[in-house]
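Breakdown of the fold
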Amino acid sequence: MSLHDDAVLVLKGYKDQPELRQAYLDHLAAHPDGMWKACHVGHLTASALVVDPGRGRVLLTLHRKLRMWLQMGGHCEPGDPSLTAAALREATEESGIAGLTLLAGGPVRLDRHAIPSPCNWHFDVQYAAVAAPDAAHTISEESLDLRWFPYAEVAEVADASVVRLLEATLTRLGD
């Protein structure tokens, strides 16, 4: 199964945000290359919010280019066997934490956002990943900083999309 086909299946199984979900599906139907950065009208990305539920905290990266505190994530790569694998790969690469576990139930949220030229849109499929309480993180080349924040402080440092992702993650966790 291609990554494109996997993404369609994942999105068809996602029951929240029906209008945005349909926009993602329409995009993929219209753009066979809609999984790749080379699709300049927009492309899917995969991300994961890394959480430590036992300590009530979230790991955010200070993105090198955007200079914003964000969840881990990025572009899909040809070697990614699935959208889920892409999200887990991105979270692991950008956090340096081995052994992350994605929350069951598939994506936590979808977030479509405009990006600078030459591309127009990122259709981000957002997951949540649980880190062990003793997990050690490492700053990647894509980041200026990497820091744990208590849940209550996320709104002070991150934008509304990250706050919405945290809220959806906490709901999924049952917190």
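See the structure shown above.
These notes cover the structure that comes with them. (Residues numbered from 1 in each chain as written. Predicted model: local features only at pLDDT ≥ 70, side-chain atom pairs only at ≥ 80, totals over all residues. Heavy atoms only, no water.)

A few words now on the pairing of strand S1 (residues 43-52). With ten of ten residues buried, S1 lies mostly within the body of the structure. Side chains of S1 alternate between two faces, with His43, Thr45, Ser47, Leu49 and Val51 and Leu44, Ala46, Ala48, Val50 and Asp52 buried alike. Relative to strand S7 (residues 121-130), S1 runs parallel, the two sharing nine bridges. Among the inter-strand pairings, His43 is bridged to a residue of S7, identified as His122. Taken together, the four bridges between S1 and strand S4 (residues 72-75) define a ladder with antiparallel strand orientation. Bridge pairing links Ala46 to Gly74 in S4. As consecutive antiparallel partners, S1 and strand S2 (residues 57-63) are separated by four residues, and within that stretch Gly56 has a phi angle of approximately 60°, a positive value. (Buried < 20%, exposed > 50% of the residue type's maximum accessible area, 1.4 Å probe, protein only. Helix = DSSP H or I, 4+ residues; strand = E, 2+ residues; numbered from the N terminus. Pairing = 2+ DSSP bridges.)

Looking now at the packing of aromatic side chains. One pass over the full model with this rule turns up two aromatic pairs. Seen from their ring centres, Tyr24 and Phe123 are 5.2 Å apart, and the 90° between their planes marks the pair as edge-to-face. You can see Tyr24 sitting in helix H2 (residues 18-30) and its partner Phe123 sitting in strand S7, a full 99 residues away along the chain. Given the relative accessible area of 0%, Tyr24 is considered buried. Relative accessible area serves as the criterion here: at 6%, Phe123 is assigned to the buried category. Ring centres of Trp69 and Phe149 lie 5.0 Å apart, and the angle between their planes is 80°; on these two criteria the pair is classed as edge-to-face. Pair noted here: Trp69 is in strand S3 (residues 69-70) and Phe149 is in strand S8 (residues 143-150), with a separation of 80 residues, a long-range link. There is no split in this pair, since Trp69 and Phe149 are both buried. It is Arg112 that lies over the ring of Trp121; its NZ or CZ is 5.5 Å from the centre. (Phe/Tyr/Trp six-rings, centres within 6.5 Å; stacked < 30°, edge-to-face > 60°. Lys NZ or Arg CZ within 6 Å of the ring centre and 35° of its normal.)

Purely geometric stuff here, so don't read any function into it on its own.
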